[in-house]
Every structure is written in C-alpha cells, then in structure tokens.
Amino acid sequence: MKSEPKNVNTLFRSDAMQRFMAFGALIVLFVGFSLASPFFRTFDNFVGILLATAVNGVLALGVTFVIITAGIDLSVGTVLTFSAVMTGVFITNWHLPIPVGIIGGILAGTLAGFVNGTLISRMKIPPFIATLGMLYATKGLSLVISELKPIYFNDTPAFREMAMGSILGKIIPGFEVPNAVLVLFGAAIVANLILTRTILGRYTFALGSN
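Keep in mind that what you see is a predicted model, and the values were worked out from it rather than measured.

What counts as what
Residues numbered from 1 in each chain as written. Predicted model: local features only at pLDDT ≥ 70, side-chain atom pairs only at ≥ 80, totals over all residues. Heavy atoms only, no water. Helix = DSSP H or I, 4+ residues; strand = E, 2+ residues; numbered from the N terminus. Rg over C-alpha atoms; globule rule 2.2 N^0.38 Å. Buried < 20%, exposed > 50% of the residue type's maximum accessible area, 1.4 Å probe, protein only. Contact = heavy atoms within 4.5 Å. Lys, Arg positive; Asp, Glu negative; His and termini not counted. Charge placed at Lys NZ, Arg CZ, Asp CG, Glu CD. Phe/Tyr/Trp six-rings, centres within 6.5 Å; stacked < 30°, edge-to-face > 60°. Axes fitted to C-alpha atoms, helices over the stretch in contact; angles between N-to-C directions. Parallel < 35°, antiparallel > 145°, perpendicular 65-115°, else oblique. Left-handed = near helix turned anticlockwise from the far one by under 90°.

*Asks:* Just checking my understanding: could you explain the overall build of the chain for this structure?
*Replies:* Per the secondary structure count, the chain includes 10 helices and 0 strands. A compact globule built from 210 residues would reach a C-alpha radius of gyration of about 17 Å, whereas the chain, at 21 Å, exceeds it by more than 25%. Counting only C-alpha atoms, the chain reaches 75 × 55 × 35 Å along its principal axes. Per-residue burial over the chain gives 23% buried out of 210 residues. By sequence separation, contacts in the chain at least 24 residues apart represent 57% of the contacts at least 6 residues apart. Between the centroid of the 13 positive side chains of the chain and the centroid of its 8 negative side chains there is a distance of 14 Å.

*Asks:* Looking at this structure, I do not really get the environment of Thr196. What am I missing?
*Replies:* If you trace the backbone, Thr196 turns up in helix α9 (residues 179-197). For Thr196 and Lys170, which are 26 residues apart along the polypeptide, the C-alpha to C-alpha distance reads 33 Å.

*Asks:* Just to check I follow, could you spell out the packing of aromatic side chains for this structure?
*Replies:* Each pair of aromatic rings is reported with the distance of its centres and the angle of its planes. As enumerated under the stated definition, the model contains 7 aromatic pairs in all. Ring geometry for Phe30 against Phe46: centres 6.1 Å apart, planes inclined by 20°, an arrangement best described as stacked. Highlighted residues: Phe30 in helix α2 (residues 15-36) and Phe46 in helix α3 (residues 43-68), separated in sequence by 16 residues. Look at Phe43 and Phe175: their rings are 5.4 Å apart centre to centre, the planes differ by 40°, and that puts the pair in the tilted class. Here Phe43, found in helix α3, pairs with Phe175, found in the loop between α8 (167-171) and α9; they are 132 residues apart in sequence, far enough to count as distant. Residue Phe175 is classed as partly exposed on the basis of its relative accessible area of 37%.

*Asks:* Sorry, what's going on with unusual backbone geometry here?
*Replies:* Comment: phi is negative for the bulk of residues other than glycine, and the bulk of peptide bonds are trans. Positioned with a positive phi, Lys124 is a non-glycine residue whose angle comes to about 60°. For Lys124, the position within the fold is in the loop between α5 (98-121) and α6 (127-146). Here Lys124 falls in the exposed class, since its relative accessible area comes to 64%. One non-glycine residue, Leu148, lies in positive phi territory at about 60°. For Leu148, the location among the structural elements is in the loop between α6 and α7 (157-164). Among the residues examined, Leu148 registers a relative accessible area of 68% and is labelled exposed.

*Asks:* Quick question: what am I supposed to make of the packing of helix α4 (residues 76-93) against α6 here?
*Replies:* Axes are the key here: two packed helices are described by the angle between their axes and the distance separating the axes. It is at 8 Å that the axes of α4 and α6 come closest, and there the two elements cross at 25°. The angle between α4 and α6 falls in the class roughly parallel. Regarding α4 and α6, the two cross each other, and that crossing is left-handed. Contacts from Thr78, Val79, Thr81, Phe82, Val85, Met86 and Val89 of α4 reach α6 at Met134, Leu135, Thr138, Lys139, Leu141, Ser142, Ile145 and Ser146.

*Asks:* Help me understand the side chain of Thr87 in this model?
*Replies:* Along the chain, Thr87 falls in helix α4. Aside from chain neighbours lying at most four places away, what touches Thr87 is Gly101, Ile102, Gly105, Phe153 and Phe159.

*Asks:* Even after reading the chapter, I still don't get the environment of Met162, so can you show me in this structure?
*Replies:* Structurally, Met162 can be placed in helix α7. Taking the C-alpha atoms as reference, Met162 lies 6.7 Å from Asn179; in sequence the two are 17 residues apart. Ignoring anything within four residues of it in the chain, the contact list for Met162 reads Ile98, Ile102 and Asn179.

*Asks:* It is not clear to me how the environment of Phe46 should be interpreted in this structure. Could you clarify?
*Replies:* By relative accessible area, which is 30% here, Phe46 ends up partly exposed. Between the C-alpha atoms of Phe46 and Gly201, which are 155 residues apart in sequence, the distance is 31 Å. With residues near it in sequence (within four places) discarded, Phe46 still touches Phe30, Phe40 and Arg41.

*Asks:* Help me understand the side chain of Thr204 in this model?
*Replies:* Relative to the helices and strands, Thr204 resides in helix α10 (residues 199-209). Residue classification places Thr204 among the buried residues on the basis of a relative accessible area of 6%. Setting aside residues up to four positions removed in sequence, Thr204 forms contacts with Phe65, Ile68, Thr69 and Leu195.

Pasting the structure below:
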C-alpha cells in the first residue's frame, strides 16, 4: 500500500507523462478558444499565430541546445536585435546586396555567440554573468548603431518578400503560408536531426547529464 503513492509520483514525474500533460494542455487551449470564437479555427488565424511565433520559435530552438547542456543564455533576444540592426545597416545604409547583408547579420550574431562561448568555456565565467553582460552590450550597440531610429527596407522590397512571401502559395494556390513559417519548421527539423542523429547531439545531452 505504501508503494502506490511512490509509483504515482514516479509516473507523473516521467518524461512521457510530462509530454502528455503539455500536449493535453495544448488541446484544452485549442478547444477552449475554438468554443470562444468561431474565427479561431480559420486558416488565416492559424497562419497569423504561426507567423507571430516564427521568430521566437527559431530563437527557442537555439536556446534548446543551451538548456540541454544545463546552461543559460540571457542575451538571445538582444543578439537577435543586434543582428537585425547590422543587417539593416548593411542593406539599407551601405546599400550592399541583400545576400551579403544577411550573411553580415548572421556573422554579427555569430560573433556575439563566439564571445559568449569564449567567456564561459575558456575564462570560466558563469553563463548567467557572461550572457547578462552580452545582453547589455548588444542592446547598447544596437541603440548606438541605429542612432535610436528604426531602419526601414523601403528600397529593398525583396528583403521583406523573403520572409512574408509564400513559395508554398505559388505551388499550392490558396495555401498562402509565409516563408518565415516554413523556415521555422525547417529549422525545427534540422535541430531534431542534430539532437537525435548526430554525435554533436549526443555530446549535447551528455554535457547536460553530467
């Protein structure tokens, strides 16, 4: 009789049960919002929700690797802002080709990540402190470089089309899913393959476990 509570606690603490409960909560929310509004189940609403979460979803995929290794990264949001500002500067202010500007923005984010990694792994600074410093550093750089002004891509409509356009809509008429959503799903597939099918993924889980 005394073993039953222990078994129940073990069941609820298991990974499978936690995943089931999280999925169940999602189903409850879906049903609740569907009953609250008939517009919730529309295709346009689903696309809008996916588009609104695309950027945060990609960031979450990156942070997932950090969390699995029992680390933390407080600077992910401001590093994104810094990368976006640098992309805007390269394309709008310096009038560089769009691919070059995008690569430059990615390299700017990579540099911030490299500094974080060096501070944590080589200089043994706690991740909380190192990434907190990077948070304020990239936030300040973004404000200084942009001169506290928004950067518009009015002269390069193709840049906006890359994210807001729909390649899938051209292939399947009426299925206008923005490219940003496809990028999110593509990144999720790649992240899953890395974590489950590669040596890097096994090392990532091993670091978090020990």
